[in-house]
Amino acid sequence: MVVSRFAPSPTGYLHLGNARTAIFSYLFARHHGGKFILRVEDTDRERSTKEFEDMLLEDLRWLGLEWDEFYRQSDRFDLYRDYADKLVESGHAYPCFCSVEELEEEKKRAEERGIPYRYSGKCRVLNKAEVKELKKRGKGYALRFRVPDGRVVVFEDLIKGHIAINVDDFGDFVIVRSDGTPTYNFVVVVDDALMGVTHVIRGEDHIPNTPKQILIYEALGFPLPRFAHLPVILGEDRSKLSKRHGAVSVRNYREEGYVPEALFNYLCLLGWSLPEGEKEVFSKEELVSLFKLEDVNSSPAVFSKEKLRWLNGVYIREILPLEQLVEDFLPFLQSAGYSADREYVKKVLQKTRDSFETLKEGVERLKPFFAEEVIYSEEALQVLESESSAMVLSTFLQRVRDGELSGERVKTIAKEIQKELGLKAKDVWHALRASLTGETEGVGVDVLCDVLPKEKVLQRLVKAIKLVG
Ligand code: GLU
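Rules of the game
- Residues numbered from 1 in each chain as written.
- Predicted model: local features only at pLDDT ≥ 70, side-chain atom pairs only at ≥ 80, totals over all residues.
- Heavy atoms only, no water.
- Axes fitted to C-alpha atoms, helices over the stretch in contact; angles between N-to-C directions.
- Helix = DSSP H or I, 4+ residues; strand = E, 2+ residues; numbered from the N terminus.
- Parallel < 35°, antiparallel > 145°, perpendicular 65-115°, else oblique.
- Left-handed = near helix turned anticlockwise from the far one by under 90°.
- Contact = heavy atoms within 4.5 Å.
- Nonpolar A, V, L, I, M, F, W, Y, C, P; charged D, E, K, R; others polar.
- Buried < 20%, exposed > 50% of the residue type's maximum accessible area, 1.4 Å probe, protein only.
- Polar contact = N/O pair within 3.5 Å; in protein donor to acceptor, adjacent residues only side chain to side chain.
- Salt bridge = Lys/Arg side-chain N within 4 Å of Asp/Glu carboxyl O.

Taken N-terminus to C-terminus, the directions of helix α18 (residues 407-421) and helix α19 (residues 425-437) make an angle of 130°; their axes are 9 Å apart at the nearest point. In terms of orientation, α18 lies oblique with respect to α19. The crossing of α18 and α19 is right-handed. Taken together, the residues of α19 that come into contact with α18 (itself represented by V410, K411, A414, I417 and Q418) are A425, V428, W429 and L432. For the contact of α18 with α19, the residue count by class is seven nonpolar, one polar and one charged.

Okay, here's the thing in structure tokens:
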């Protein structure tokens, strides 16, 4: 059975690049009817927090990822200790008593000589008696992995192809720190092996770690998984996507009013496409059935906020069921300080969902449907003060007073007024818009009148008429 995993560190918000890794790993498992594991990698006790972990899980769920098993590395420290002991017993690891100062000194010397630093291997040669003696004296120690000399580690990456790395430059690396906490390269191997992970799918920044991990697999006698390293995501200036490019966390986009289906879909387009064809809008189910690692591009993908925004608009306009759009929209409405009942919001969105691309933008644009009072912009005031406005509004008020109010009827009345008063169409519409929305552009007056309760329309007209005397 295929087993894949996503292994985030809870040291910050979920980054778009990591979210894409999670999605690809998830799709791969689902495509093969396999298992998808979520593993929180919090061995770095200083940088990891429970708050970030909670937010991470929340954002992953929001995106629509479900996992079959969940693990947290800080719950597994005893287990790692057992495997560290095994490595020491078999001679693949050894205690290193070098102090921070000594190591700093080594580093400085390497720097001065202009050569890349690697651990000198000083403690590699300690014999059993010396180790015993140092321990007896209470000297703290880390555990280092004994990197074999002159070895080239080779693996076939499912995305990047043939990779060969000489491990001579690594130096013996730490697998358990002197404070007893194990390091990433060590625990990732223990976990992936014990959890039965068959495919390690992660960002290409981990390629340099892979040979170290392969050495540990070998030392512990674990079978190797397949590796698939995803290309980085770049900003539009072709540098690695980072905070400099603006919002880069899933949470940012969620708060901006992007819907999870659109973000999920868009992230898949960063580096994956069908071999044939232009299709870009995919449901999650389609993606599960179509996704193949072979179709992942091995060169970097470029993130385009414009395109994500466009796709979000497509989901809002055409794809989300209306009920769900309402559900997604309500919290944005509330946090902007408006209250409205679900049925009313549904009526509004049914008529206006094609007029905005994010939920936040939607709230801003649809204010006239939800605001208690119209607040006039400078421009709207100017329109209201123009010569014909008072006449237009009072005539309009008289005619809409009786009978049903609808967009169609408003159009008919506007035409009559235009003819009778000898005005241009825009003079009539501008006055109506300014009085009913407080703006000079935005939602259509006819659409507004289709939905807004009649008494509100009348109130707004009266208020504007009073204002212009
Ligand atoms: N915790 C690592 C990270 O967040 C996971 C790397 C891996 O998938 O092996 O980068």
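This part takes up unusual backbone geometry. Residues other than glycine seldom take positive phi values, yet R238 does so here, at roughly 70°. By the secondary structure assignment, R238 is in the loop between β11 (233-234) and α8 (250-255). With a relative accessible area of 60%, R238 lands in the exposed category.

Let us now look at the environment of R177. Residue placement: R177 occurs in the loop between β8 (174-176) and α6 (184-194). On the basis of relative accessibility, which here comes to 30%, the residue R177 falls in the partly exposed class. Here the alpha-carbon distance between R177 and A142, two residues 35 residues apart in the chain, equals 4.7 Å. Side-chain polar atoms of R177 contact the backbone oxygen of P182, separated by 3.2 Å.

To continue, consider the pattern of salt bridges. Tallying each qualifying case throughout the model produces 43 salt bridges. D68 is the partner of R30 in a salt bridge, and the nearest nitrogen-oxygen pair spans 3.2 Å. Here D68 lies in the loop between α2 (50-63) and β3 (69-72) and R30 lies in helix α1 (residues 16-31), a separation of 38 residues in the sequence. Here R76 and D191 are joined by a salt bridge, their closest N and O atoms 2.9 Å apart. Pair noted here: R76 is in the loop between β3 and α3 (77-89) and D191 is in helix α6, with a separation of 115 residues, a long-range link. The exposure class assigned to R76 is buried, which follows from its relative accessible area of 15%. Judged by its relative accessible area of 0%, D191 is buried.

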